[in-house]
Amino acid sequence: MYARSTTIQAQPSAIDAGIAHVRDVTMPALEDIPGCIGLSLLVDRKSGRCIATTAWETEDAMRESADRVRAIRDRAAETFRGGAMIEHWEIAALHRDHRSREGACARVVWSKMDPSRADSAIDTYKSQALPAMEGLEGFCSASLLVDRASGRGVSSVTFDNADAMDRNRDQATAMRDRIAGQAGMEVTDIGEFELALAHLRVPELV
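Per-chain numbering applies: the sequence of each chain, read as written, is numbered from 1 onward. The predicted nature of this model means local features are confined to residues of pLDDT at least 70 and side-chain atom pairs, given and counted, to a pLDDT of 80 or more, with totals for whole chains, interfaces and linings taken over all residues. Side-chain descriptors were evaluated using all non-hydrogen atoms of the structure, hydrogens and water having been removed beforehand.

1. Things to note about the overall build of the protein
Moving on, step 1. On a plain count of helices and strands, the protein comes out with 6 helices and 8 strands.
Moving on, step 2. Taken from N to C terminus, the helices and strands of the protein fall in the order β-α-β-β-α-α-β-β-α-β-β-α-α-β.
Moving on, step 3. Here the radius of gyration uses the C-alpha set of atoms, whereas the globule reference equals 2.2 Å times the residue count to the power 0.38. For the protein, the C-alpha radius of gyration of 16 Å lies close to 17 Å, the compact-globule estimate for 206 residues.
Moving on, step 4. Taking the principal axes of its C-alpha atoms as reference, the protein extends roughly 40 × 35 × 30 Å. For the purposes of this entry, the term helix denotes a DSSP run of H or I that reaches at least four residues, the term strand denotes a run of E that reaches at least two, and both are numbered from the N terminus.

2. A few points about the pairing of strand 4 (residues 84–96)
Moving on, step 1. When DSSP finds at least two bridges between two strands, those strands are taken to pair. Summarising the sheet, strand 1 (residues 2–9) and strand 4 pair through 7 bridges and their orientation is antiparallel. When the bridges of strand 4 are listed, Tyr2 appears paired with Glu90.
Moving on, step 2. Relative to strand 6 (residues 139–147), strand 4 runs antiparallel, the two sharing 6 bridges. By the bridge assignment, Leu94 is partnered in strand 6 with Ser143.

3. Here we look at the environment of Leu94
Moving on, step 1. Relative to the assigned elements, Leu94 resides in strand 4.
Moving on, step 2. Distance in space between the C-alpha atoms of Leu94 and Leu205 is 4.8 Å, their sequence separation being 111 residues.
Moving on, step 3. Contacts are assigned to residue pairs that have any heavy atoms within 4.5 Å of one another. Beyond its immediate chain neighbours, meaning those up to four positions away, Leu94 contacts Ala142, Ser143, Val202, Pro203, Glu204, Leu205 and Val206.

4. As for the packing of helix 1 (residues 15–31) against helix 3 (residues 66–80)
Moving on, step 1. Between helix 1 and helix 3, the least distance of the axes is 8 Å, while the angle of their chain directions is 165°. Of the possible angle classes, the one that applies to helix 1 and helix 3 is roughly antiparallel. Helix 3 is crossed by helix 1, and the crossing has right-handed handedness. Only Val69, Ile72, Arg75, Ala76, Thr79 and Phe80 of helix 3 make contact with helix 1, whose side of the interface consists of Ile15, Ala17, Gly18, Ile19, His21, Val22, Thr26, Ala29 and Leu30.
Moving on, step 2. Counted by class, the contact of helix 1 with helix 3 contains 10 nonpolar, 4 polar and 1 charged residues. For helices, the fitted line uses only the C-alpha atoms of the stretch in contact; every axis is such a line through C-alpha atoms, and the angle between N-to-C directions lies from 0 to 180 degrees. By the definition adopted for this analysis, an angle is roughly parallel if under 35 degrees, roughly antiparallel if over 145, roughly perpendicular if from 65 to 115, and oblique otherwise. Two helices crossing with the near one rotated counterclockwise from the far one by less than a right angle form a left-handed crossing, whereas a clockwise rotation gives a right-handed crossing. Note on residue classes: Ala, Val, Leu, Ile, Met, Phe, Trp, Tyr, Cys and Pro are nonpolar, Asp, Glu, Lys and Arg are charged, and everything else, Gly too, is polar.

5. Here we look at the environment of Asp160
Moving on, step 1. Residue placement: Asp160 occurs in the loop between strand 7 (152–159) and helix 5 (162–167).
Moving on, step 2. Judged by its relative accessible area of 22%, Asp160 is partly exposed.
Moving on, step 3. The spacing of Asp160 and Ser141 is 19 residues in sequence and 9.6 Å in space, taken between C-alpha atoms.
Moving on, step 4. Sequence-distant contacts of Asp160, that is, excluding residues within four places in its chain, are made with His98, Arg101, Glu102, Gly103, Ala104, Gly138 and Cys140. Under the scheme applied here, a residue whose accessible area is under 20% of the maximum for its type counts as buried, over 50% as exposed, and between as partly exposed, the area being computed with a 1.4 Å probe on protein chains only.

6. Topic: the side chain of Arg107
Moving on, step 1. Mapped onto the secondary structure, Arg107 falls in strand 5 (residues 105–112).
Moving on, step 2. Residue class for Arg107 comes out buried when judged on its relative accessible area of 5%.
Moving on, step 3. Two N or O atoms count as a polar contact when they lie within 3.5 Å, although within protein this holds only if one can serve as hydrogen donor and the other as acceptor, and sequence-adjacent residues are included solely when both atoms are side-chain atoms. Here Glu192 takes part through its side chain, which lies 3.1 Å from a polar atom of the side chain of Arg107.

7. Things to note about the nonpolar core
Moving on, step 1. Each nonpolar core is a collection of buried residues, namely Ala, Val, Leu, Ile, Met, Phe, Trp, Tyr and Cys, held together in the definition by side-chain atoms within 4.5 Å. Counting residues in each nonpolar core, the largest one holds 25 residues, and the members touching the most others are Tyr125, Met133, Ala142 and Leu144.
Moving on, step 2. Among the elements of the structure, strand 4, helix 4 (118–134), strand 6, strand 7 and helix 6 (169–183) are those that each provide at least two residues to this core.
Moving on, step 3. When residues no more than four places from it in sequence are discounted, the contact partners of Ala142 are Ala93, Leu94, His95, Tyr125, Leu130, Met133, Ser156 and Val157.
Moving on, step 4. Judged by nonpolar contacts, the second largest core, of 23 residues, contains Ile19, Leu30, Ile33 and Val43.

Any functional reading would require information beyond the geometric quantities listed.
Take a look at the structure:
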């Protein structure tokens with residue numbers, strides 16, 4: 001399974017219009033593209049950073065969709081009134097405890113590692129990080145996306161609501177520092193987002 005993420009630095013005043021556009025226009029258009037298995041949208045209303053992620057059955061399907069997706073993406077970025085940065089990933093792990101509900105939020109952690117240690121880092125995420133994250137208050141699901149060539153990775157953990165995410169922050173930080181050290185991963189950025197749309201149909205990957 002593979003994913004394409006589009007990060008848009010939106011105008012905060014345009015975020016609601018952008019969410020509506022992705023829900024009503026972008027998602028139906030993507031559903032007509034072979035190999036697409038859904039979309040999620042994270043938004044940070046304070047900073048304006050918004051991340052739309054599409055999932056694909058194969059790497060070929062993701063690459064072959066590029067031309068069709070470009071026009072769809074450009075229209076969405078215009079609605080958010082911001083530019084778009086595109087990244088491509090392998091979906092290395094995904095685990096759901098339960099489906100997210102209205103009000104769900106996500107903590108996203110970007111990291112980098114030695115590309116030669118990618119398999120070891122993925123194994124550590126599956127065997128140690130996922131079980132530990134399941135114990136965090138409000139845990140819904142977690143995923144790990146990796147770019148093996150560059151050694152970059154991004155983990156997204158979804159929680160039932162912002163209050164639960166606030167209360168588990170210290171516990172999550174201690175857990176992240178410990179496991180990142182064991183996996184040889186350096187954390188490069190952390191963000192907390194509203195889960196505005198959750199329509200990824202990726203199966204369990206653990």
